[in-house]
Every structure is written in structure tokens, then in C-alpha cells.
Amino acid sequence: MLKRIFFAMILVLGISTFISAKPKTGKKTSAFTMWQLPMQVGNIGNSYVFRTAGGKVIVFDGGWPAEQLYLRGFIAALGNEVEAWFISHPHDDHMGVLWQILKDRQGMKINHIYHSRFSPELIELEKPYNEYAKDFYSVLDTVSIPVTDFREAGYVGEIDGFNFKILGVVNEEFHTNPFNNSSMVIKVWDDRKSILFLADTGAESGEKLFNGPYRNDLACDYLQMAHHGQHGCSEDFYKSIDFRACLWPTAYWIWTNDQGGGYNTGNLETMQTRQWMDEIGIKEHHVSCLEGLFKLE
Ligand SMILES: [Fe+2]
């Protein structure tokens, strides 16, 4: 037990030196900082943290339940209060940490949760994730934190200079790849940069997004690659929107398409996505398994 506490303290102290708890003073800026968090277990996970100019903390997804110690430490180093927590969809590599934190907050303050809730029918389309999703929603229903459930896209909000627009919400009509195709899609921006978070958007919901009323909002500086960089949005989608850099929330075995048999021997589609990016001419890539913690200001 003492050993665990010691390692948790080392973790928080280590994170603190990298992120510094307070924003820099003496210079007025409306820009927010974003971190792409590296995965803490050898699997996929989607986790982004923001700090506004005024010090407010915002989280997008957060990763697997097994990554909760890391994210708890990261948030503690920023003051242990989350102003807004966005969950893209109830797969456990996205909502898992929040799911666990809501069961035992250990002093963390969370002021608002934003998501787009799945219907009971949609949840049952994927097993065993239906059980995780149901438990997540039942926990969510018992907490006293305000929860916003976006039923349609188009909402524009602002939190201390952190601007966001909901471009995609739950899509009950897609019974293929149903959870991923119901990823909430968010664009965030300040006066320096814009980032589009596709979460695990699939080909079908990507097409709907592209042909929908918010098509012009898809252009961005930084694009989070859909579904961890493979088997997400289509070639047409990527080649039809403007962006200049990629955020890859991607484990090494996915990046290298190595499911145990060696480099590029698996059945993943990562190499194809990487090739599309080369064909588009994207030169700036932030790959979580290669770069570790990536900080964007
Ligand atoms: Fe995922």
C-alpha cells in the first residue's frame, strides 16, 4: 500500500513539473493549452486534457479504467477540479476513467458533464460493451453533477476562451459499427488554433457529417484521427477536408499493425490511413505511442 502511495506521489510530482499548475502570468492570452495523453496500458485509449487561460480544466474522454491513476494524477496537478468533461461515446476506452472516478471521486470536483446519450436499444447492439455502457449511465444517473445530453448537433459553447461546437451526436440509424458511428464529434478553438475531435467516428457517420449542415466546420488545424487512426473515416472524408496536422491517439501495435506477428502483419488499416496522410501531404504528426505526452498551446 505504501509503495502504491509512493508511486502515485512520484507520478503526480512528475506530471507537475511538466504541466505547471498555474497559467503563466504577466501576459494576457485567450489561448488554451491541450495535452494528448499517452496510453498507460498497452491498448487503445482516447484522452485529452485542456487548461484555459484562466486555469479551468476540461477533459475530452479520458481513456480506459486502468488509466485512472494517471489521469487522476494529471488532474490533481492542475488543481483537482474539472470544469467540463466531454464523453464522446460509452466505449470503455473513452468513458472508462470517468466511469471509475464517478464511483469514487477521491476529492476531485467535476462541475459539468457533456455527452450524447445512447438509447437502450442502441446500447444492446454491442456486447459486452452494452453492460459497460449501462453501468456507466446508471452511475451517471446517480451523481449530482449537471449533465448535458446533446440530442442534436449545432450547439456552440464557450468556457473561459475555450470555444466548442458540437458537430455530431448519437446516430441511432447506424446498426453497423453502432457505438463508434455514434461518437460525439466536437470542434474546439481559440484565437491561435482549432482542433477537430472525431473520436471513433466510422465511415458511415463520417459521411453523414461530411454531407450535413456543419460540413464547413470540419476544416481545422489539428485533426484527431478517427478510431485511433484506422478503420474510422473514409479516404474521401480525409481527402475532402482541410487540416494541417494529425493527432493520433494510437497504441504502438496499432501504429505498426502488429498484432503479434511482426511489423504490418495484422489486419488493421493503419498503414492505409498513414498512406492517405502522405498523399495529402501532411507533415506534422503527433502519435501518442511515439511522442508520449504532447502539449499544444
Ligand atoms: Fe476507441
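Data block above holds the structure.
What you see is a predicted model; the values in this text were computed from it and never measured.

Criteria and thresholds
- Residues numbered from 1 in each chain as written.
- Predicted model: local features only at pLDDT ≥ 70, side-chain atom pairs only at ≥ 80, totals over all residues.
- Heavy atoms only, no water.
- Donors = N, O, S within 2.8 Å, 3.2 Å for Na, K, Ca; no water.
- Tetrahedral: all angles 85-135°; square planar, octahedral: opposite > 155°, others 65-115°.
- Buried < 20%, exposed > 50% of the residue type's maximum accessible area, 1.4 Å probe, protein only.
- Pairing = 2+ DSSP bridges.
- Helix = DSSP H or I, 4+ residues; strand = E, 2+ residues; numbered from the N terminus.
- Axes fitted to C-alpha atoms, helices over the stretch in contact; angles between N-to-C directions.
- Contact = heavy atoms within 4.5 Å.
- Phe/Tyr/Trp six-rings, centres within 6.5 Å; stacked < 30°, edge-to-face > 60°.
- Core = buried A, V, L, I, M, F, W, Y, C linked by side-chain atoms within 4.5 Å.
- Parallel < 35°, antiparallel > 145°, perpendicular 65-115°, else oblique.
- Left-handed = near helix turned anticlockwise from the far one by under 90°.
- Nonpolar A, V, L, I, M, F, W, Y, C, P; charged D, E, K, R; others polar.
- Arc of directions from axis to C-beta.
- Salt bridge = Lys/Arg side-chain N within 4 Å of Asp/Glu carboxyl O.

Bound to the iron ion on the protein side are Asp 93 (OD), His 94 (NE2), Asp 200 (OD) and His 228 (NE2), at distances that span 2.1 to 2.2 Å. Taken together, the four donor atoms coordinating the iron ion span angles of 82 to 156° at the metal, a pattern that classifies the geometry as irregular. Expressed as a motif, the donor residue spacing for the iron ion is D-H-x105-D-x27-H. Judged by relative accessible area, which is 5%, Asp 93 ranks as buried.

Moving on: the sheet that holds strand 9 (residues 162-168). If you trace the seven strands from one edge of the open sheet to the other, you get 8-9-10-11-12-13-14, paired in mixed fashion. Among the strands making up the open sheet, the edge pair consists of strand 8 (156-159) and strand 14 (284-287). Here the average twist between neighbouring strands, direction ignored, is 20°. Against the sheet, helix 9 (residues 270-280) engages strand 13 (245-248) and strand 14, with an angle of about 160° to strand 13.

Most of helix 2 (residues 68-77) sits inside the fold, with seven of its 10 residues counted as buried. When helix 2 is considered as a whole, its buried residues turn out to be Tyr 70, Leu 71, Arg 72, Gly 73, Phe 74, Ile 75 and Ala 77. Positive backbone phi, at 115°, marks Gly 79, one or two positions downstream of helix 2.

On to the pairing of strand 9. In terms of burial, strand 9 is a largely internal element, seven of the seven residues being buried. In this structure, strand 8 lies alongside strand 9, joined through four bridges in antiparallel fashion. Looking at the pairing, Ile 159 lines up with Phe 162 of strand 9. Where strand 8 folds back onto strand 9 in an antiparallel hairpin, the turn is made up of two residues, including Asp 160, whose phi is positive at roughly 50°.

So, on to the packing of aromatic side chains. Counted by the stated rule, this structure contains 25 aromatic pairs. Residues Phe 210 and Phe 237 carry aromatic rings whose centres are separated by 6.4 Å and whose planes lie at 70° to one another, so their mutual orientation is edge-to-face. Of this pair, Phe 210 sits in helix 6 (residues 203-210) while Phe 237 sits in helix 7 (residues 235-240), placing them 27 residues apart in sequence. Each member of the pair, Phe 210 as well as Phe 237, carries the same accessibility label: buried. Judged by centre distance (5.9 Å) and plane angle (85°), the ring pair of Phe 237 and Tyr 238 falls under edge-to-face.

Counting residues in hydrophobic clusters, the biggest one holds 34 residues, and the most contacted among them are Val 49, Leu 71, Trp 85, Leu 102, Ile 110 and Phe 136. Those elements that provide at least two residues to this core are strand 3 (57-61), helix 2, strand 4 (81-86), helix 3 (92-103), helix 4 (120-123) and helix 5 (129-142). Take this core: its biggest share by element is six residues, from helix 3. Val 49 has contacts with Thr 33, Met 34, Trp 35, Leu 37, Val 57, Ile 58, Val 59, Leu 71, Phe 74 and Leu 78, leaving out every residue within four places of it along the chain.

It is worth spelling out unusual backbone geometry at this point. The linkage connecting Lys 127 with the following residue, Pro 128, adopts the cis geometry, with an omega of 5°. Mapping Pro 128 onto the fold places it in the loop between helix 4 and helix 5. Even without a glycine there, the phi angle at Asp 160 is positive, about 50°. In this fold, Asp 160 is placed in the loop between strand 8 and strand 9.

Turning our attention to the packing of helix 3 against helix 5. Any two packed helices are characterised by the angle at which their axes cross and by the distance between the axes. Relative to each other, helix 3 and helix 5 sit at 40°, their axes nearing to 10 Å. One way to sum up the angle between helix 3 and helix 5 is to call them oblique. Where helix 3 crosses over helix 5, the two elements pack in a sense that is left-handed. Contacts between helix 3 and helix 5 pair Asp 92, Met 95, Leu 98, Trp 99, Leu 102 and Lys 103 from the former with Tyr 129, Tyr 132, Ala 133, Asp 135, Phe 136, Val 139 and Leu 140 from the latter. Split by residue class, the contact of helix 3 with helix 5 holds 10 nonpolar, no polar and three charged.

This part takes up helix 6. For helix 6, the complete set of buried residues consists of Ser 205, Gly 206, Leu 209 and Phe 210. Down the axis, helix 6 shows its buried residues gathered within 140° of arc, on one side only. Tucked into the core, helix 6 has its buried residues touching strand 9, strand 10 (185-189) and helix 7.

The next subject is the pattern of salt bridges. If charged atoms from side chains of opposite charge come close, those side chains can pair. A complete count under the given rule lists 14 salt bridges for this structure. A salt bridge links Lys 208 to Glu 173, with the shortest nitrogen-to-oxygen separation between them at 2.8 Å. Here Lys 208 is found in helix 6, whereas its partner Glu 173 is found in the loop between strand 9 and strand 10, with 35 residues between them in sequence. Judged by relative accessible area, Glu 173 falls into the partly exposed class, the value being 47%. Close ionic contact of Arg 244 with Glu 284 constitutes a salt bridge, the shortest N to O distance being 3.1 Å. Within this pair, whereas Arg 244 is found in the loop between helix 7 and strand 13, its partner Glu 284 is found in strand 14, the two being separated by 40 residues in sequence. Here Arg 244 falls in the partly exposed class, since its relative accessible area comes to 42%. Within this structure, Glu 124, Lys 127, Glu 131 and Lys 134 form a network of salt bridges that share partners.

Honestly, that's just the spatial picture; any functional story needs more than this.
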